[in-house]
Structures are given as C-alpha cells and as structure tokens.
Amino acid sequence: MVIAVVLSALVAATVLSLLRPGALAVLVVAAAGVAWWLVNGPVEGAVLLVVTRTNGLTVADLLVPPLLAVAVAAAVVDRRSHDRGGRRRGVPLTRR
C-alpha cells in the first residue's frame, strides 16, 4: 500500500510540475523521488549495477531521473518564457 501511495505521489508531483513549473515543483518531485527510493525495495527488479555488496542500481531506481528531468525541463522552459519584468514574452503591457 505504501509503495502505491508513494508512486502515485511521484507521478502526481511530476504532472503538477508541468501545470505549475518552478523550483518548488522540482523540489517536490525530488522529495517524492527520494521517498520512492526508500520504499521501492519489494518492486526493485533486476540489479543493473552493483555499488556495494548490499546495494546497487535497480530497474525501479531508474524511474526517478526521467521524472525529475521532466520537472526541471518544465521549470527551465517556464523561466525562459518570462522576460526580466516578470511578464510572459510576447504579451503587451497594455491591451488595446
């Protein structure tokens, strides 16, 4: 049950980072990713890279980096779409 809740939180945080991109959204996805790494033991899958005798990189661990990359990319695109004055580029100061 905990695994399903944390996985759902990770996916939901990523979707929300697309709807409301920014640094806070990236931090929320990163926090959910760390939570996923802490609870994913029962569903880890094959060990892809052995780090120590008792630790390694598994298939389930690979879920977090792409989702975090999506959140970071959304934040970067959102930041670049604003000019220095806080307005979105291409939007006039006054509408006629």
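What you see is a predicted model; the values in this text were computed from it and never measured.

Trainee: A description of the overall build of the protein chain should follow, citing residues and the corresponding values.
Mentor: Secondary structure summary: the protein chain contains three helices and two strands in total. Listing every helix and strand of the protein chain by position from the N terminus yields α-α-β-β-α. By the burial criterion, 23% of the 96 residues in the protein chain qualify as buried. Within the protein chain, counting contacts between residues at least 6 apart in sequence, those at least 24 apart form 49% of the total. Summed over all atoms, the accessible surface of the protein chain reaches about 7000 Å², with 67% contributed by carbon and sulfur.

Trainee: Tell me about the pairing of strand 1 (residues 47-50), and please be specific about residues and values.
Mentor: Pairing of strand 1 with strand 2 (residues 56-58) involves three bridges; the strand directions are antiparallel. Bridging across to strand 2, Leu-49 finds its partner in Leu-57. Here strand 1 hands over to strand 2 after five residues, the two strands then running antiparallel side by side.

Trainee: With reference to specific residues and values, describe the nonpolar core.
Mentor: Residues Val-6, Leu-10, Ala-13, Val-26, Val-29, Ala-32, Trp-36, Ala-60, Val-64, Leu-67, Ala-71 and Ala-75 constitute the largest nonpolar core, which totals 12 residues. Elements supplying a minimum of two residues to this core: helix 1 (2-19), helix 2 (23-39) and helix 3 (64-80). If near-sequence neighbours (up to four positions away) are discounted, Ala-13 is found in contact with Val-28 and Val-29.

Trainee: Give a description of the side chain of Asn-40 that names residues and reports values.
Mentor: If you trace the backbone, Asn-40 turns up in the loop between helix 2 and strand 1. Here Asn-40 is in contact with Ala-60 and Asp-61, once residues within four sequence places are set aside.

Trainee: Explain the confidence of the model for the protein chain to me, using residue names and the numbers behind them.
Mentor: Here the protein chain shows a mean pLDDT of 88. Residues at 70 or above account for 85%. Mean pLDDT values over the elements of the protein chain span from 90, in strand 2, up to 96, in helix 2.

Trainee: Give a detailed account of the environment of Val-6, specifying residues and quantitative values.
Mentor: In this structure, Val-6 sits in helix 1. Measuring from C-alpha to C-alpha, the distance between Val-6 and Val-39 comes to 7.8 Å, with 33 residues separating the pair along the chain. Ignoring sequence-local partners within four residues, the contact set of Val-6 consists of Ala-32, Ala-35, Trp-36 and Val-39.

Trainee: Can you explain the environment of Ala-60? Please cite residues and give values.
Mentor: Turning to its location among the elements, Ala-60 is positioned in the loop between strand 2 and helix 3. Sequence separation between Ala-60 and Ala-46 is 14 residues, and the spatial gap between their C-alpha atoms is 8.5 Å. Beyond its immediate chain neighbours, meaning those up to four positions away, Ala-60 contacts Trp-36, Asn-40, Val-43 and Glu-44.

Trainee: So what's going on with a nonpolar patch on the surface? Residues and values would help.
Mentor: A surface patch of nonpolar side chains, about 500 Å² in accessible area, is lined by Leu-7, Val-11, Val-15, Leu-16, Leu-19 and Leu-63. Mapping Val-15 onto the fold places it in helix 1. You can call Val-15 partly exposed: its relative accessible area is 43%.

Conventions and cut-offs
- Sequence order sets the numbering: in each chain, residues are counted from 1 along the sequence as written.
- For a predicted model such as this one, the threshold for reporting local features is a pLDDT of at least 70, and the threshold for listing and counting side-chain atom pairs is 80 or more; totals across whole chains, interfaces and linings nevertheless cover every residue.
- Based on all heavy atoms of the structure, the side-chain values leave hydrogens and waters out of the count.
- Starting at the N terminus, helices and strands are each numbered in turn, a helix being any DSSP run of H or I of at least four residues and a strand any DSSP run of E of at least two.
- Exposure categories follow from relative accessible area, calculated using a 1.4 Å probe and restricted to protein chains: below 20% of the type maximum is buried, above 50% is exposed, and the middle band is partly exposed.
- The contact criterion used is simple: two residues touch if any of their non-hydrogen atoms lie within 4.5 Å.
- Surface accessibility in these figures is a Shrake-Rupley result with a 1.4 Å probe; residues are shielded only by whichever protein chains are displayed.
- DSSP calls a pair of strands paired once it identifies at least 2 bridges connecting them.
- Note on terminology: a nonpolar core comprises buried Ala, Val, Leu, Ile, Met, Phe, Trp, Tyr and Cys residues joined through side-chain atoms within 4.5 Å.
- pLDDT measures the predictor's confidence residue by residue and takes values from 0 up to 100.
- Patch membership is restricted to residues that have no salt bridge and whose relative accessible area is over 30%. Joining uses 9 Å for like charges and 5 Å for the nonpolar side chains Val, Leu, Ile, Met, Phe, Trp and Tyr.
- Salt bridges, as used here, are contacts in which a Lys or Arg side-chain nitrogen is within 4 Å of a carboxyl oxygen on Asp or Glu.

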